[in-house]
Amino acid sequence: MTFTGLIGRICMFPLRLIISTCVRLRIHPNTLTFIGVLINIAAACALAFGRFITAGVIMVIANIFDFIDGKVAVELGEVSEFGGFWDSVIDRFSDLSLFIGLIFLYSQLGRTDYVMITALAMMFAIMTSYTRARAESLIKKCKVGFMERPERIVLFMIGAFTNRMAAVLWVILVLSVFTVADRIILTYRELRETRQAIA
Amino acid sequence: MKSQAPLPLRVLWNAFYWTYERTTWQYDVMVAAILAFVWLTPPDWLNDPMASGCGPVGWLLDLLR
(Lines give C-alpha, C1' and ligand atoms only; values in the text may rest on other atoms or scores of the structure.)
Protein backbone atom coordinates (compact mmCIF):
# COMPACT_ATOMS: atom_id res chain seq x y z
CA MET A 1 0.00 0.00 0.00
CA THR A 2 1.19 3.52 -0.78
CA PHE A 3 1.64 6.23 1.86
CA THR A 4 -1.21 8.37 0.52
CA GLY A 5 -3.42 5.26 0.31
CA LEU A 6 -2.73 4.54 3.98
CA ILE A 7 -3.67 8.11 4.98
CA GLY A 8 -6.88 7.75 2.95
CA ARG A 9 -7.77 4.54 4.78
CA ILE A 10 -7.11 6.06 8.21
CA CYS A 11 -9.29 9.09 7.38
CA MET A 12 -12.11 6.82 6.21
CA PHE A 13 -12.75 5.46 9.76
CA PRO A 14 -14.27 8.63 11.30
CA LEU A 15 -15.87 9.53 7.98
CA ARG A 16 -17.74 6.19 7.88
CA LEU A 17 -19.25 7.09 11.25
CA ILE A 18 -20.35 10.54 10.05
CA ILE A 19 -21.79 9.07 6.83
CA SER A 20 -23.83 6.47 8.73
CA THR A 21 -25.12 9.18 11.11
CA CYS A 22 -26.26 11.33 8.17
CA VAL A 23 -27.90 8.30 6.57
CA ARG A 24 -29.70 7.46 9.83
CA LEU A 25 -30.92 11.08 10.13
CA ARG A 26 -31.86 10.98 6.42
CA ILE A 27 -30.17 14.31 5.70
CA HIS A 28 -30.52 15.09 2.00
CA PRO A 29 -27.14 15.07 0.21
CA ASN A 30 -27.89 18.41 -1.53
CA THR A 31 -28.35 19.96 1.93
CA LEU A 32 -24.96 18.60 2.99
CA THR A 33 -23.40 20.13 -0.13
CA PHE A 34 -24.96 23.50 0.67
CA ILE A 35 -23.86 23.39 4.33
CA GLY A 36 -20.35 22.66 3.01
CA VAL A 37 -20.20 25.87 0.97
CA LEU A 38 -21.50 27.97 3.88
CA ILE A 39 -18.75 26.60 6.12
CA ASN A 40 -16.20 27.21 3.38
CA ILE A 41 -17.28 30.85 3.25
CA ALA A 42 -16.58 31.03 6.99
CA ALA A 43 -13.11 29.57 6.28
CA ALA A 44 -12.61 32.23 3.61
CA CYS A 45 -13.46 34.94 6.16
CA ALA A 46 -10.90 33.48 8.57
CA LEU A 47 -8.30 33.51 5.78
CA ALA A 48 -9.22 37.09 4.92
CA PHE A 49 -8.40 38.15 8.48
CA GLY A 50 -5.17 36.16 8.55
CA ARG A 51 -6.44 33.59 11.05
CA PHE A 52 -4.88 30.64 9.29
CA ILE A 53 -5.23 28.00 12.02
CA THR A 54 -8.94 28.83 12.48
CA ALA A 55 -9.36 28.73 8.70
CA GLY A 56 -7.65 25.34 8.58
CA VAL A 57 -9.97 23.89 11.22
CA ILE A 58 -13.06 25.30 9.45
CA MET A 59 -11.81 23.94 6.11
CA VAL A 60 -11.49 20.46 7.60
CA ILE A 61 -15.13 20.62 8.78
CA ALA A 62 -16.36 22.07 5.46
CA ASN A 63 -14.63 19.42 3.45
CA ILE A 64 -16.07 16.62 5.54
CA PHE A 65 -19.46 17.80 4.23
CA ASP A 66 -18.02 18.09 0.75
CA PHE A 67 -16.66 14.56 0.87
CA ILE A 68 -19.61 12.77 2.41
CA ASP A 69 -22.44 14.20 0.28
CA GLY A 70 -21.83 11.79 -2.59
CA LYS A 71 -21.49 8.76 -0.28
CA VAL A 72 -24.67 9.71 1.60
CA ALA A 73 -26.48 10.09 -1.75
CA VAL A 74 -25.45 6.54 -2.71
CA GLU A 75 -26.47 5.05 0.64
CA LEU A 76 -29.82 6.87 0.66
CA GLY A 77 -30.46 5.97 -2.98
CA GLU A 78 -30.74 9.68 -3.77
CA VAL A 79 -28.18 9.79 -6.58
CA SER A 80 -29.45 12.16 -9.26
CA GLU A 81 -28.12 14.07 -12.24
CA PHE A 82 -29.11 17.31 -10.56
CA GLY A 83 -27.19 16.26 -7.43
CA GLY A 84 -24.01 15.89 -9.50
CA PHE A 85 -24.58 19.25 -11.18
CA TRP A 86 -25.37 20.97 -7.85
CA ASP A 87 -22.25 19.48 -6.27
CA SER A 88 -19.99 20.73 -9.10
CA VAL A 89 -21.47 24.22 -9.04
CA ILE A 90 -21.26 24.52 -5.26
CA ASP A 91 -17.65 23.22 -5.33
CA ARG A 92 -16.70 26.12 -7.61
CA PHE A 93 -18.22 28.60 -5.14
CA SER A 94 -16.25 26.97 -2.32
CA ASP A 95 -13.01 27.15 -4.32
CA LEU A 96 -13.57 30.75 -5.32
CA SER A 97 -14.46 31.88 -1.80
CA LEU A 98 -11.15 30.58 -0.38
CA PHE A 99 -9.15 32.38 -3.06
CA ILE A 100 -11.14 35.58 -2.57
CA GLY A 101 -10.42 35.41 1.17
CA LEU A 102 -6.70 35.32 0.42
CA ILE A 103 -6.95 38.10 -2.17
CA PHE A 104 -8.66 40.26 0.46
CA LEU A 105 -5.90 39.47 2.98
CA TYR A 106 -3.03 40.25 0.62
CA SER A 107 -4.68 43.42 -0.64
CA GLN A 108 -5.12 44.58 2.97
CA LEU A 109 -1.41 43.93 3.48
CA GLY A 110 -0.63 45.93 0.32
CA ARG A 111 0.96 42.91 -1.36
CA THR A 112 0.02 43.32 -5.01
CA ASP A 113 2.42 40.52 -5.99
CA TYR A 114 0.51 37.94 -3.96
CA VAL A 115 -2.85 39.40 -4.99
CA MET A 116 -1.79 38.61 -8.57
CA ILE A 117 -0.42 35.14 -7.73
CA THR A 118 -3.65 34.26 -5.88
CA ALA A 119 -5.79 35.64 -8.71
CA LEU A 120 -3.86 33.62 -11.29
CA ALA A 121 -4.04 30.48 -9.14
CA MET A 122 -7.80 31.08 -8.85
CA MET A 123 -8.15 31.49 -12.61
CA PHE A 124 -6.27 28.27 -13.39
CA ALA A 125 -8.07 26.35 -10.61
CA ILE A 126 -11.38 27.24 -12.23
CA MET A 127 -10.01 26.52 -15.72
CA THR A 128 -8.95 23.07 -14.48
CA SER A 129 -12.61 22.24 -13.82
CA TYR A 130 -13.87 24.00 -16.95
CA THR A 131 -11.46 22.29 -19.35
CA ARG A 132 -12.49 18.88 -18.03
CA ALA A 133 -16.21 19.66 -18.16
CA ARG A 134 -15.95 21.06 -21.70
CA ALA A 135 -13.62 18.30 -22.89
CA GLU A 136 -15.97 15.60 -21.63
CA SER A 137 -18.70 17.04 -23.84
CA LEU A 138 -16.42 16.19 -26.79
CA ILE A 139 -14.43 13.13 -25.67
CA LYS A 140 -15.18 10.25 -23.31
CA LYS A 141 -12.89 11.08 -20.40
CA CYS A 142 -10.47 13.88 -19.60
CA LYS A 143 -8.91 12.93 -16.30
CA VAL A 144 -5.29 13.97 -16.65
CA GLY A 145 -3.23 16.44 -14.66
CA PHE A 146 -2.21 16.37 -11.02
CA MET A 147 -3.86 19.43 -9.49
CA GLU A 148 -7.52 18.50 -9.03
CA ARG A 149 -9.85 19.76 -6.31
CA PRO A 150 -8.91 17.31 -3.52
CA GLU A 151 -5.20 18.11 -3.96
CA ARG A 152 -5.97 21.83 -3.93
CA ILE A 153 -8.04 21.58 -0.76
CA VAL A 154 -5.45 19.50 1.10
CA LEU A 155 -2.76 21.98 0.06
CA PHE A 156 -4.88 24.88 1.34
CA MET A 157 -5.19 23.08 4.69
CA ILE A 158 -1.45 22.39 4.86
CA GLY A 159 -0.74 26.03 4.01
CA ALA A 160 -3.15 27.24 6.68
CA PHE A 161 -2.02 24.89 9.47
CA THR A 162 1.70 25.39 8.88
CA ASN A 163 1.56 29.05 7.80
CA ARG A 164 3.09 28.32 4.41
CA MET A 165 0.32 29.75 2.22
CA ALA A 166 2.70 31.53 -0.16
CA ALA A 167 4.48 28.30 -1.11
CA VAL A 168 1.12 26.54 -1.42
CA LEU A 169 -0.17 29.22 -3.79
CA TRP A 170 2.91 28.82 -6.00
CA VAL A 171 2.39 25.05 -6.11
CA ILE A 172 -1.33 25.42 -6.90
CA LEU A 173 -0.58 27.98 -9.62
CA VAL A 174 2.18 26.05 -11.40
CA LEU A 175 0.49 22.64 -11.21
CA SER A 176 -2.90 24.07 -12.23
CA VAL A 177 -1.29 25.59 -15.34
CA PHE A 178 0.17 22.14 -16.12
CA THR A 179 -3.19 20.46 -15.50
CA VAL A 180 -5.03 22.81 -17.85
CA ALA A 181 -2.32 22.27 -20.49
CA ASP A 182 -2.55 18.46 -20.01
CA ARG A 183 -6.29 18.56 -20.59
CA ILE A 184 -5.97 20.67 -23.71
CA ILE A 185 -3.27 18.32 -25.08
CA LEU A 186 -5.35 15.20 -24.33
CA THR A 187 -8.49 16.67 -25.92
CA TYR A 188 -6.55 17.76 -29.01
CA ARG A 189 -4.98 14.30 -29.38
CA GLU A 190 -8.26 12.42 -28.87
CA LEU A 191 -10.16 14.62 -31.32
CA ARG A 192 -7.36 14.30 -33.89
CA GLU A 193 -7.44 10.50 -33.55
CA THR A 194 -11.22 10.46 -33.97
CA ARG A 195 -10.92 12.68 -37.06
CA GLN A 196 -8.23 10.42 -38.53
CA ALA A 197 -10.31 7.30 -37.81
CA ILE A 198 -13.27 8.79 -39.66
CA ALA A 199 -11.15 9.94 -42.65
CA MET B 1 6.61 10.79 -24.93
CA LYS B 2 8.33 8.08 -26.97
CA SER B 3 10.16 5.41 -24.96
CA GLN B 4 13.42 6.08 -26.91
CA ALA B 5 13.73 9.48 -25.23
CA PRO B 6 16.38 9.73 -22.50
CA LEU B 7 15.18 8.81 -18.99
CA PRO B 8 15.43 12.31 -17.41
CA LEU B 9 13.41 13.73 -20.28
CA ARG B 10 10.78 11.00 -19.88
CA VAL B 11 10.57 11.65 -16.11
CA LEU B 12 10.10 15.37 -16.74
CA TRP B 13 7.46 14.73 -19.40
CA ASN B 14 5.58 12.29 -17.13
CA ALA B 15 5.65 14.81 -14.28
CA PHE B 16 4.25 17.48 -16.60
CA TYR B 17 1.78 15.29 -18.51
CA TRP B 18 0.35 13.62 -15.40
CA THR B 19 -1.69 10.47 -16.06
CA TYR B 20 -1.11 8.55 -12.80
CA GLU B 21 -3.94 7.69 -10.44
CA ARG B 22 -3.97 8.51 -6.74
CA THR B 23 -2.42 5.86 -4.44
CA THR B 24 0.36 4.98 -6.88
CA TRP B 25 4.04 5.31 -5.97
CA GLN B 26 4.41 8.07 -8.58
CA TYR B 27 1.67 10.02 -6.78
CA ASP B 28 3.48 9.54 -3.46
CA VAL B 29 6.73 10.83 -4.96
CA MET B 30 4.93 13.91 -6.31
CA VAL B 31 3.30 14.53 -2.92
CA ALA B 32 6.69 14.21 -1.19
CA ALA B 33 8.23 16.69 -3.65
CA ILE B 34 5.41 19.19 -3.09
CA LEU B 35 5.60 18.89 0.70
CA ALA B 36 9.37 19.31 0.56
CA PHE B 37 8.94 22.50 -1.47
CA VAL B 38 6.20 23.86 0.82
CA TRP B 39 7.94 23.10 4.11
CA LEU B 40 11.60 23.46 3.22
CA THR B 41 11.58 26.57 1.05
CA PRO B 42 12.46 29.51 3.32
CA PRO B 43 9.47 31.93 3.42
CA ASP B 44 11.88 34.83 2.84
CA TRP B 45 12.83 33.39 -0.57
CA LEU B 46 9.19 33.61 -1.64
CA ASN B 47 8.57 36.96 0.07
CA ASP B 48 5.77 35.29 2.01
CA PRO B 49 3.48 38.05 3.34
CA MET B 50 2.46 36.03 6.42
CA ALA B 51 5.54 34.02 7.37
CA SER B 52 9.11 35.11 7.84
CA GLY B 53 12.51 33.63 8.55
CA CYS B 54 14.45 31.00 6.73
CA GLY B 55 12.47 27.94 7.85
CA PRO B 56 14.06 24.49 8.20
CA VAL B 57 16.70 25.23 5.52
CA GLY B 58 17.80 28.25 7.54
CA TRP B 59 18.09 26.16 10.71
CA LEU B 60 20.18 23.60 8.84
CA LEU B 61 22.45 26.30 7.41
CA ASP B 62 22.84 27.80 10.91
CA LEU B 63 23.77 24.39 12.26
CA LEU B 64 26.38 23.89 9.54
CA ARG B 65 27.95 27.32 10.18
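**Student:** Sorry, what's going on with the overall build of chain B here?
**Tutor:** Helix and strand content of chain B: three helices and zero strands. Relative to the compact-globule value of 11 Å for 65 residues, chain B shows a C-alpha radius of gyration of 17 Å, a clear excess of over 25%. Dimensions of chain B, computed from the C-alpha atoms along their principal axes, are close to 45 × 25 × 20 Å. Split into buried and exposed, the 65 residues of chain B put 29% on the buried side. Accessible area for chain B stands at about 4500 Å²; split by element, carbon and sulfur atoms hold 69% of it. Of the charged side chains in chain B, 4 are positive and 5 negative, and the gap between their average positions amounts to 16 Å.

**Student:** Just checking my understanding: could you explain the packing of helix α2 (residues 29–48) of chain A against helix α3 (residues 52–76) of chain A for this structure?
**Tutor:** Helix-helix packing: each pair is described by the crossing angle between the helix axes and the interaxial distance. Residue and element names in this part refer to chain A. Two elements in contact, α2 and α3, have axes separated by 8 Å at closest approach and are oriented at 170°. What the angle tells us is that α2 and α3 run roughly antiparallel. Split into classes, the residues belonging to the contact of α2 with α3 amount to 19 nonpolar, five polar and two charged.

**Student:** Sorry if this is basic, but what is going on with the interface of chain B and chain A here?
**Tutor:** Note on interface size: it is often stated as the accessible area lost on association of the parts. The interface is formed by 26 residues belonging to chain B together with 35 residues belonging to chain A. For the chain B and chain A pair, buried surface summed over both sides reaches about 2700 Å², with 67% attributable to carbon and sulfur atoms. Three residues stand out in chain B for area buried against chain A, namely F16, Y17 and M50 of chain B, and they jointly supply 23% of the buried area on that side. The interface formed by chain B and chain A includes two salt bridges. Across the pair R22 of chain B and E151 of chain A runs a salt bridge, and its minimum N-O distance is 2.6 Å. Mapped by element, the contributors of at least two residues to the side of chain B that touches chain A are α1 (7–16) and α2 (25–40) of chain B. Considering every element that reaches the side of chain B that touches chain A, the biggest residue donor is α2 of chain B, with ten residues. Here the residues of the side of chain B that touches chain A sort into 18 nonpolar, five polar and three charged.

**Student:** Honestly, the packing of aromatic side chains in this entry has me stumped. Any pointers?
**Tutor:** Any aromatic ring pair is given by two values, namely how distant the centres are and how the planes are angled relative to each other. Taken as a whole and judged by the stated rule, the model has twelve aromatic pairs over all chains. With centroids separated by 6.0 Å and ring planes inclined at 45°, the aromatic side chains of F82 of chain A and F85 of chain A adopt a geometry described as tilted. A residue pair is termed a helical-turn pair when its members lie 3 or 4 positions apart in one helix, as F82 of chain A and F85 of chain A do in helix α4 (residues 81–108) at three residues. F82 of chain A sits in the partly exposed class, given a relative accessible area of 46%. Put simply, the rings of F34, F82, F85 and W86 of chain A touch in pairs and so form one group of aromatic residues. Stacked on the ring of Y17 of chain B, the Lys or Arg R189 of chain A has its end atom at 5.2 Å from the ring centre.

What counts, and at which threshold
- Residues numbered from 1 in each chain as written.
- Chains lettered and ligands numbered in written order.
- Predicted model: local features only at pLDDT ≥ 70, side-chain atom pairs only at ≥ 80, totals over all residues.
- Heavy atoms only, no water.
- Helix = DSSP H or I, 4+ residues; strand = E, 2+ residues; numbered from the N terminus.
- Rg over C-alpha atoms; globule rule 2.2 N^0.38 Å.
- Buried < 20%, exposed > 50% of the residue type's maximum accessible area, 1.4 Å probe, protein only.
- Areas by Shrake-Rupley, 256 points an atom, 1.4 Å probe, with all protein chains shown as cover.
- Lys, Arg positive; Asp, Glu negative; His and termini not counted.
- Charge placed at Lys NZ, Arg CZ, Asp CG, Glu CD.
- Axes fitted to C-alpha atoms, helices over the stretch in contact; angles between N-to-C directions.
- Parallel < 35°, antiparallel > 145°, perpendicular 65-115°, else oblique.
- Nonpolar A, V, L, I, M, F, W, Y, C, P; charged D, E, K, R; others polar.
- Contact = heavy atoms within 4.5 Å.
- Buried area = accessible area lost by both parts, 1.4 Å probe.
- Salt bridge = Lys/Arg side-chain N within 4 Å of Asp/Glu carboxyl O.
- Phe/Tyr/Trp six-rings, centres within 6.5 Å; stacked < 30°, edge-to-face > 60°.
- Lys NZ or Arg CZ within 6 Å of the ring centre and 35° of its normal.

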